[in-house]
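The residues making up each chain are set out below.
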Amino acid sequence: MKRQNNQHLKTMRSYRFSPTFARSVYTTARSLNLSESAFVRMVLMDAMDRLN
C-alpha cells in the first residue's frame, strides 16, 4: 500500500482549520510557491497591518 503524503493536513491541524479550508490554504500556498506556514504567516501579518 502506498503511503499518502498528508504532511500539509498535519500542519493545518495546528491551526485548527477544517479539512476543506486546509486544502484550500494548501493549494493556494503551493500556487504561490510558499509553504503552508509561510502563507498563513503572510496572511496573518497582512491582517494585522490592516487592523492598525
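The rules we used
- Residues numbered from 1 in each chain as written.
- Predicted model: local features only at pLDDT ≥ 70, side-chain atom pairs only at ≥ 80, totals over all residues.
- Heavy atoms only, no water.
- Helix = DSSP H or I, 4+ residues; strand = E, 2+ residues; numbered from the N terminus.
- Buried < 20%, exposed > 50% of the residue type's maximum accessible area, 1.4 Å probe, protein only.
- Areas by Shrake-Rupley, 256 points an atom, 1.4 Å probe, with all protein chains shown as cover.
- Axes fitted to C-alpha atoms, helices over the stretch in contact; angles between N-to-C directions.
- Parallel < 35°, antiparallel > 145°, perpendicular 65-115°, else oblique.
- Contact = heavy atoms within 4.5 Å.
- Nonpolar A, V, L, I, M, F, W, Y, C, P; charged D, E, K, R; others polar.

(A) Fine view of the overall build of the chain. Within the chain, the regular secondary structure consists of 3 helices and 0 strands. Overall, the chain shows an N-to-C arrangement of helices and strands of α-α-α. Here the chain holds 52 residues, and the buried ones make up 17% of them. When the accessible surface of the chain is split by element, carbon and sulfur atoms take 55% of a total near 4,600 Å².

(B) Inspection of the packing of helix H2 (residues 19-31) against helix H3 (residues 36-51) at higher detail. Between H2 and H3, the shortest axis-to-axis distance is 9 Å and the interhelical angle comes to 95 degrees. Considered as vectors, H2 and H3 are oriented roughly perpendicular to each other. Between H2, through Val25, Tyr26, Thr28, Ala29 and Arg30, and H3, the contact on the second element is made entirely by Glu36, Phe39 and Val40. For the contact of H2 with H3, the residue count by class is 5 nonpolar, 1 polar and 2 charged.

Coordinates in, geometry out; function isn't part of it.
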